[in-house]
Amino acid sequence: PNFYPSQYSTNGIDGGCMAYTDVTQESGTSITYTRLEFHTWNYNNDGTRTYHVHNELYRAETGQGIVGIQVPLNTFAKYENLLPDQDFPTVTSPLFVYMKPNGMNNKNLNSALGASIYANSIKTLKQISDAYDKFNWEIQMGQRKVTVPETMLEMPINKQRQSTTQNDPRFMPKF
């Protein structure tokens, strides 16, 4: 699932939204169902807080690039027994864990999310990948030409640059 933080502080992430997608066929059309699961804290009048999970389901034709329109949870069989709202009064910490690298996000200084350990080396990794691809392409497609003395060739060649033996190839094909 994809994770989107919604409540965070310097101590960590307290709330967020998880997006789960399922693709199914309906009447020959590919349909994408997206379930959004929101984890939040509701603050009570007495100063306590209650952990709250809210579920929403969206339906769209696959490939439209949108989440779709909201539909009831029981529209999709996988979620027919899922409650739209659930409170957990005894929970004291979030029911999810978000692990981030120990370090600052130097792409967005205001974000509570960490940066990937590869984030600062994307250009270098792309250059390595390109060089590797070019090298492999050269090996597979390249036909090397070399200059060698006539004495090293298996067949004698006369001064008119013609083979003195009929039907003898100068170079043996590799394949």
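Residues numbered from 1 in each chain as written. Predicted model: local features only at pLDDT ≥ 70, side-chain atom pairs only at ≥ 80, totals over all residues. Heavy atoms only, no water.

Engineer: Would you mind going over the overall build of the chain with me for this structure?
Structural biologist: Helix and strand counts for the chain come out as 1 helix and 6 strands. Across the chain, helices and strands are ordered from the amino to the carboxyl terminus as β-β-β-β-β-β-α. Burial statistics for the chain: of 175 residues in total, 21% are counted as buried. Taking the intrachain contacts of the chain between residues at least 6 apart in sequence as the baseline, contacts between residues at least 24 apart amount to 36%. Surface summary for the chain: the accessible area is close to 13,900 Å², and the carbon and sulfur share equals 53%. (Helix = DSSP H or I, 4+ residues; strand = E, 2+ residues; numbered from the N terminus. Buried < 20%, exposed > 50% of the residue type's maximum accessible area, 1.4 Å probe, protein only. Contact = heavy atoms within 4.5 Å. Areas by Shrake-Rupley, 256 points an atom, 1.4 Å probe, with all protein chains shown as cover.)

Engineer: Could you clarify how one ought to interpret the pairing of strand 3 (residues 29–43) in this entry?
Structural biologist: Looking down a regular strand, the side chains alternate between one sheet face and the other. Pairing analysis gives 11 bridges linking strand 2 (residues 12–26) to strand 3, with the strands arranged antiparallel. Within strand 3, the residue paired with Gly 16 across the bridge is His 39. Where strand 2 folds back on strand 3, the antiparallel hairpin that results is connected by 2 residues, among which Ser 27 adopts a positive phi of roughly 55°. Taking the residues between adjacent antiparallel strands as the criterion, strand 3 and strand 4 (residues 49–61) are bridged by 5 residues, where Gly 47 takes a positive phi near 95°. (Pairing = 2+ DSSP bridges.)

Engineer: Would you mind going over the packing of aromatic side chains with me for this structure?
Structural biologist: The geometry of an aromatic ring pair is captured by two quantities: the separation of the ring centres and the angle between the planes. Applying the stated rule across the entire model yields 5 aromatic pairs. Note on Phe 76 and Tyr 79: the rings are 5.7 Å apart at their centroids and 55° apart in plane angle, and the pair reads as tilted. Each of the two residues, Phe 76 as well as Tyr 79, counts as buried. An aromatic cluster is present here, built from Tyr 33, Phe 76 and Tyr 79 joined pairwise through their rings. Over the aromatic face of Trp 41 sits the side chain of Arg 49, whose NZ or CZ is 3.7 Å from the ring centroid. (Phe/Tyr/Trp six-rings, centres within 6.5 Å; stacked < 30°, edge-to-face > 60°. Lys NZ or Arg CZ within 6 Å of the ring centre and 35° of its normal.)

Engineer: Explanation requested: helix 1 (residues 122–141) in the structure shown.
Structural biologist: Think of an α-helix as 3.6 residues a turn; residues three or four steps apart then line up on the same face. With 20 residues, helix 1 extends 28 Å from end C-alpha to end C-alpha; this agrees with the ideal 28 Å at 1.5 Å per step. Sparse coverage of helix 1 is indicated by the burial of 0 of its 20 residues. (Expected span 1.5 Å × (residues − 1).)

Engineer: What is the right way to look at a nonpolar patch on the surface in this model?
Structural biologist: Together, Ile 117, Tyr 118, Ile 122, Leu 125 and Ile 128 make up an exposed nonpolar region whose accessible area comes to about 560 Å². Tracing the sequence through the fold places Tyr 118 in the loop between strand 6 (85–88) and helix 1. (Patch = residues over 30% accessible without salt bridge, like charges linked within 9 Å, V, L, I, M, F, W, Y side chains within 5 Å. Salt bridge = Lys/Arg side-chain N within 4 Å of Asp/Glu carboxyl O.)

Engineer: I tried to follow the environment of Glu 80 on my own but got confused; where do I start?
Structural biologist: Among the structural elements, Glu 80 can be located in the loop between strand 5 (69–71) and strand 6. When neighbours within four sequence positions are excluded, Glu 80 is seen to be in contact with Leu 73 and Asn 74.

Engineer: What is the right way to read unusual backbone geometry from this model?
Structural biologist: For residues that are not glycine, phi is negative in most cases, and the peptide bond is trans in most cases. The phi dihedral of Ser 27 falls on the positive side, at around 55°, and the residue is not glycine. Structurally, Ser 27 can be placed in the loop between strand 2 and strand 3.

Engineer: Please explain the side chain of His 52 as it appears in this structure.
Structural biologist: By the element assignment, His 52 lies in strand 4. Classification of His 52 as buried rests on a relative accessible area of 13%. One polar contact links His 52 to Asp 87, side chain to side chain, over a distance of 2.5 Å. Not counting residues within four places of it along the chain, the set of residues in contact with His 52 comprises Phe 38, His 39, Thr 40, Asn 42, Asp 85, Gln 86 and Asp 87. (Polar contact = N/O pair within 3.5 Å; in protein donor to acceptor, adjacent residues only side chain to side chain.)

Engineer: Whenever I open this one, the side chain of Glu 37 confuses me. Can you help?
Structural biologist: Tracing the chain through its elements places Glu 37 in strand 3. Within the local environment of Glu 37, its side chain forms a polar contact with the side chain of Arg 35, the two groups lying 2.6 Å apart.

Engineer: Honestly, the pairing of strand 1 (residues 2–9) in this entry has me stumped. Any pointers?
Structural biologist: One ladder, built from 7 bridges, connects strand 1 with strand 2; its direction is antiparallel. Pairing of Gln 7 across the sheet is with Gly 15, part of strand 2. Here strand 1 hands over to strand 2 after 2 residues, the two strands then running antiparallel side by side.

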